Amino acid sequence: MLQREYFESLSDLSPFEIKDELIKLARSGAESSARAFLNAGRGNPNWIATRAREAFFLLGQFALTEARRSHDDPEAGVAGMPPRDGCHLRFQKWVGKRLQEQEQGWLEEEGPPPARTLRDAVAFAIERFSFDPDAFVHELTDSIIGDNYPVPDRALYHNEIVTHEYLMWAMCVGHRPDVKFDLYPVEGGTAAMCYIFKALKNQRLLNAGDTIALGTPIFTPYLEMPELEDYGLHIIRVSAEQEDKFQFTEEDFEALADPAVKALFLVNPGNPSAVAMTPDTIRRLVNFVNTRRPDLMILTDDVYGTFVPGFESILGHLPRNTIGVYSYSKYFGCTGWRLGVIAVAQDNIFDQNIKDHPEPIQKVIEKRYKALTPKPRELKFIDRIVADSRDVALNHTAGLSLPQQVMMTLFGLVELMDKDKIYQKACIDICTRRFNNLVEGMGVETNTGAYYDHYYGIIDLEFWIRKYVGEEVVTWVKENIHPLDIPFRLAEQHGIVLLNGSGFAAPNWSARVSFANLDDAAYTQIGRAVRSIARGYVQAWQASKGEDITG
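Residues numbered from 1 in each chain as written. Predicted model: local features only at pLDDT ≥ 70, side-chain atom pairs only at ≥ 80, totals over all residues. Heavy atoms only, no water.

Visitor: How would you summarise the overall build of the protein chain if you had to cite specific residues and measurements?
Guide: Along its length, the protein chain carries 21 helices and 14 strands. In terms of C-alpha radius of gyration, the protein chain reaches 26 Å, essentially the compact-globule figure of 24 Å for 551 residues. When its C-alpha atoms are laid out on the principal axes, the protein chain stretches across 85 × 70 × 45 Å. Of the contacts made within the protein chain by residues no fewer than 6 positions apart, 74% connect residues no fewer than 24 positions apart. As displayed, the protein chain has an accessible area near 23,700 Å², and 50% of this comes from carbon and sulfur atoms. (Helix = DSSP H or I, 4+ residues; strand = E, 2+ residues; numbered from the N terminus. Rg over C-alpha atoms; globule rule 2.2 N^0.38 Å. Contact = heavy atoms within 4.5 Å. Areas by Shrake-Rupley, 256 points an atom, 1.4 Å probe, with all protein chains shown as cover.)

Set out below in structure tokens:
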């Protein structure tokens, strides 16, 4: 078995880098034995949303027929750009023919034919949002072809409206605010993080040496990015403990009372805790901000909210203070599409704080954007994020690619049409089954509650050993076993990859498991392996005491 000195040399690495070592170790062990290699370290789901994709690929075929209307050289493989006038009527005729063809021999258990999904999605959008039919269909056809730069650069007109409504369900279904948000579709949640950090720095809203609070446990990059030389921020941790069901207490929020704490960054539901903030916790935070810290900037990353029915985002409760981040990756099984969105309320403290800067700072910032507009001081914060994402000088080519925005539109429309939330229930059921298999394999009892999303889990061996064996064993484990022994032992002895919980500011003697990316039966095997590791620690403690070894 690997030695403590080796573990110490890895202690400063991100869990996503340590993962590579674990994979090598687990693969090596699996190849030399009959056991399977099981990687539950990353959260890439092993399911996909089919209906929006079927509509997307069918729409592409229609768009090509439209492109050939303006110019067609089949020998050279050259066509023109899709025309606008009359495109909705042409779409209706074309998709009607495709539907007639698909319905011949189609079985109901196969779900709706792709042409029906596409036809219904377009009709739904036109009726729901009062879209001009030709304008909407032309945005879809021209954009899926990808023959133009994004215009407007921040978000396509119709996509922003559809995505706004989708976000009000995904992030604010439990508490919808009477607020309009400006949206910036981006290349996934990771791009959103990069762009927001950069913009906050460039607007002098966060400066080197400033302090921010992180609600922990939290997605590792939120721990690592602030400390980069680029930002030089100080971090304090507001920790949600397992003993409090991963909820923030009144005492936790007291850390935010210091005006030196400029911002609070949250992942809700948590990663890796997988627990959403309850209405009581939200109420405490809202009351705290409104009465004591109305100047507090908040970023909430809500990618897993769709796995909690009735989810409530801080974005909906404190829209003026909050930047919202959402990614389509996990819910729709589309990590490779790189689809995310940044949301900022039209009335927000970020614009106000920029306006309140002293004149010398105003002049510095004004100079940065003078090439974009005659009145750079009137440029909204969300538009500054867009400009900064392309280092200002390339703002004219900013924006998420048009085919990506079409995919985003279709994902949103198909979800909005699903009134019974059949797709959401299916995704939640997948993760819940796998969670139950893990718990059964571990042989423990747990009560997760209504706000657990079942996408990830923290396996906290310290917590479980304390609960089932006792404090004396916990003390011995802490004194004699390095925390990284858990994931490395799982890899070496069982061919299983989990990420170390310490890399997420979770308890040291814990590991993160993803319930998204392996078949159901694998989680029973993982649970038994974790139980075996814990049993080995207890037996080592018994041996150290000269006691009989129990099974």
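Visitor: Tell me what's going on with the nonpolar core, and back it up with residues and numbers.
Guide: Nonpolar side chains in soluble globular proteins tend to end up buried together. Counting 126 residues, the largest nonpolar core has L256, L285, Y326 and I526 as the members making the most contacts within it. Setting aside residues no more than four positions away along its own chain, Y326 makes contact with Y166, L167, A170, M171, D302, V303, T306, Y331, F332, G340 and V341. Formed by 42 residues, the second largest nonpolar core is a distinct cluster that contains L200, F265, L299 and I349. (Core = buried A, V, L, I, M, F, W, Y, C linked by side-chain atoms within 4.5 Å. Buried < 20%, exposed > 50% of the residue type's maximum accessible area, 1.4 Å probe, protein only.)

Visitor: Can you explain the pairing of strand β4 (residues 181-186)? Please cite residues and give values.
Guide: Taken residue by residue, a regular strand's side chains alternate between the two faces of the sheet. In terms of residue burial, β4 counts as a mostly covered element, since six of its six residues are buried. Across the two faces of β4 the burial is the same, with F181, L183 and P185 and D182, Y184 and V186 all buried. Bridge count between β4 and strand β10 (residues 340-345): six bridges; the pairing is antiparallel. Counterpart to Y184 in the pairing with β10 is I342. (Pairing = 2+ DSSP bridges.)

Visitor: Hey, could you go over the side chain of Q424 for me, with residue numbers and the actual values?
Guide: Within the secondary structure layout, Q424 lies in helix α17 (residues 422-442). When sequence neighbours within four positions are dropped, the list of residues in contact with Q424 reads W169, T306, V308, P309 and Y331.

Visitor: Outline the pattern of salt bridges, supporting the account with residue identities and numerical values.
Guide: In total, this model carries 33 salt bridges according to the counting rule given. Its salt-bridge partner being D120, residue R119 comes within 3.0 Å of it at the nearest N-O pair. Residue class for R119 comes out partly exposed when judged on its relative accessible area of 36%. D388 is paired through a salt bridge with R368; the nearest N and O atoms lie 3.0 Å apart. One end of the pair, D388, is in helix α15 (residues 381-389); the other, R368, is in helix α14 (residues 359-368), with 20 residues separating them in the sequence. Given a relative accessible area of 0%, D388 falls into the buried group. Each member of the salt-bridge network shares a partner with another, and the members are R154, E160, D182, K380 and D383. (Salt bridge = Lys/Arg side-chain N within 4 Å of Asp/Glu carboxyl O.)

Visitor: Quick rundown of the environment of R27? Include the residues and the values.
Guide: Assignment of secondary structure puts R27 in helix α2 (residues 15-31). In this structure, the C-alpha to C-alpha distance between R27 and I496, residues 469 residues apart in sequence, is 8.8 Å.

Visitor: Account for the packing of helix α4 (residues 87-103) against helix α6 (residues 133-145), naming residues and giving values.
Guide: Packed helix pairs are characterised by how far apart their axes lie and by the angle those axes make with each other. The N-to-C vectors of α4 and α6 enclose an angle of 70 degrees; their axes lie 7 Å apart at closest approach. Taken together, the axes of α4 and α6 are roughly perpendicular relative to one another. Judged by residue contacts, C87, H88, L89 and F91 of α4 engage P133, D134, V137 and H138 from α6. Its residues placed into classes, the contact of α4 with α6 shows five nonpolar, two polar and one charged. (Axes fitted to C-alpha atoms, helices over the stretch in contact; angles between N-to-C directions. Parallel < 35°, antiparallel > 145°, perpendicular 65-115°, else oblique. Nonpolar A, V, L, I, M, F, W, Y, C, P; charged D, E, K, R; others polar.)

Visitor: Outline the sheet that holds strand β13 (residues 499-500), supporting the account with residue identities and numerical values.
Guide: Read across the open sheet, the three strands follow the order β11-β14-β13; overall the sheet is antiparallel. Since the sheet does not close on itself, it has two edges, and those belong to β11 (456-460) and β13, each with one partner. Relative to strand β14 (residues 510-514), β13 is paired through two bridges, and the arrangement is antiparallel. Residue pairing in the sheet places N500 in a bridge with A511 of β14. On top of the sheet, helix α18 (residues 461-468) reaches β11 and β14; it is set at about 55 degrees to β11, its chief contact.

Visitor: Let's hear about α6: which residues, and what values?
Guide: With 13 residues, α6 extends 18 Å between its outermost C-alpha atoms, agreeing within 8% with the 18 Å of an ideal straight helix rising 1.5 Å per residue. Regarding α6, the residues found buried are A135, F136, V137, E139, L140, T141, D142, S143 and I144. At its buried positions, α6 is contacted by α3 (51-70), α4, α5 (114-129), α7 (157-170) and α16 (402-417). Sitting at the amino-terminal end of α6 is D132, which places a side-chain oxygen 3.2 Å from the backbone nitrogen of D134. G146 sits one or two positions beyond α6 and adopts a positive phi of about 75 degrees. (Expected span 1.5 Å × (residues − 1). Polar contact = N/O pair within 3.5 Å; in protein donor to acceptor, adjacent residues only side chain to side chain.)

Visitor: Before we move on, can you summarise the sheet that holds strand β7 (residues 261-267) with the specific residues and values?
Guide: The strand order β4-β10-β9-β8-β7-β5-β6 describes an open sheet built from seven strands, whose pairing is mixed. Two strands in the sheet have a free side with no partner beyond their single neighbour: β4 and β6 (234-239). Ignoring which end each strand starts from, the neighbouring axes of this sheet average 20 degrees apart. Where strand β5 (residues 211-216) and β7 come together, four bridges link them in parallel fashion. Bridged to L214 within β7 is F265. Docked against the sheet, α7 engages β4, β9 (322-327) and β10, running at close to 100 degrees with respect to β4.

Read these as layout, nothing more, since geometry by itself doesn't imply function.
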